[in-house]
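Results of the structural survey
The chain contents come next:
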Amino acid sequence: DSNQHGSAHVHADGDRHGLVLATPRDPPRMLSGLIAGLVDLAECRRGFLLVASREHGPRVRACYAMDPSELASQQFSGSRSAVDRTLTERRPLYISDRRDHAWLRNKPSVVARGIRALVCLPLMHDGRLLGVAYADTDDEAKTFTALDAQLLEAFADRAAAMLVADEIGAAL
């Protein structure tokens, strides 16, 4: 793991058990574990975690199998539209085939990467948006099921609770 501008970065071959090992005293490791767990659970290839900041708005705090600098550049090959929609609507977004969604079908960032499936989850606590977790894959066989949605939403609830615990710990 390495830190860049307050972001935790994990490669695809990194520690996949960071959730178990992380403690609130090690926020970068905790955030790395959160996104690694989400990507693994979603059966995706890569992902990132945006965390809301009162001063700066949402910012990338952890990445899995992608470079944090890519997210801020025009070369980002994920779905900004999915992230924006999740931030605005504050509800989970599951897409198993981008070609089925007119608003996503021809987005250059999605087409360039060959994204076939993605999940974008709001991290909410007591009606407050704490952040967004995003994962995607180019695997044509990936389909999100109702069970996947239940598991991923439970994971998002746990991730939100961990973010709140981290906020409380930082305030003490």
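Residues numbered from 1 in each chain as written. Predicted model: local features only at pLDDT ≥ 70, side-chain atom pairs only at ≥ 80, totals over all residues. Heavy atoms only, no water.

A look at the confidence of the model for the protein
With 78% of its residues at a pLDDT of 70 or more, the protein shows a mean pLDDT of 81. Long-range and interchain partners of residues 1-24, a stretch whose pLDDT sits below 50, account for 52 contacts in this model, where long-range means more than four residues apart. (pLDDT = per-residue confidence, 0-100. Contact = heavy atoms within 4.5 Å.)

A closer look at helix α4 (residues 80-89)
Looking at α4, one finds that the buried residues are A82, V83 and T86. For α4, the buried positions fall inside an angular range of 100 degrees around the axis, keeping them on one side. (Buried < 20%, exposed > 50% of the residue type's maximum accessible area, 1.4 Å probe, protein only. Helix = DSSP H or I, 4+ residues; strand = E, 2+ residues; numbered from the N terminus. Arc of directions from axis to C-beta.)

A look at a nonpolar patch on the surface
A surface patch of nonpolar side chains, about 250 Å² in accessible area, is lined by L41, L147 and L151. Mapping L147 onto the fold places it in helix α7 (residues 146-171). (Patch = residues over 30% accessible without salt bridge, like charges linked within 9 Å, V, L, I, M, F, W, Y side chains within 5 Å. Areas by Shrake-Rupley, 256 points an atom, 1.4 Å probe, with all protein chains shown as cover. Salt bridge = Lys/Arg side-chain N within 4 Å of Asp/Glu carboxyl O.)

Some points on the nonpolar core
Of all hydrophobic cores here, the largest spans 29 residues; its most connected members are L38, L49 and L123. Where this core is concerned, the elements lending two or more residues are α2 (27-42), β3 (46-51), β4 (59-64), β6 (117-125), β7 (128-137) and α7. One finds F48, L93, V110 and V132 within the second-largest nonpolar core, a separate group that totals 15 residues. (Core = buried A, V, L, I, M, F, W, Y, C linked by side-chain atoms within 4.5 Å.)

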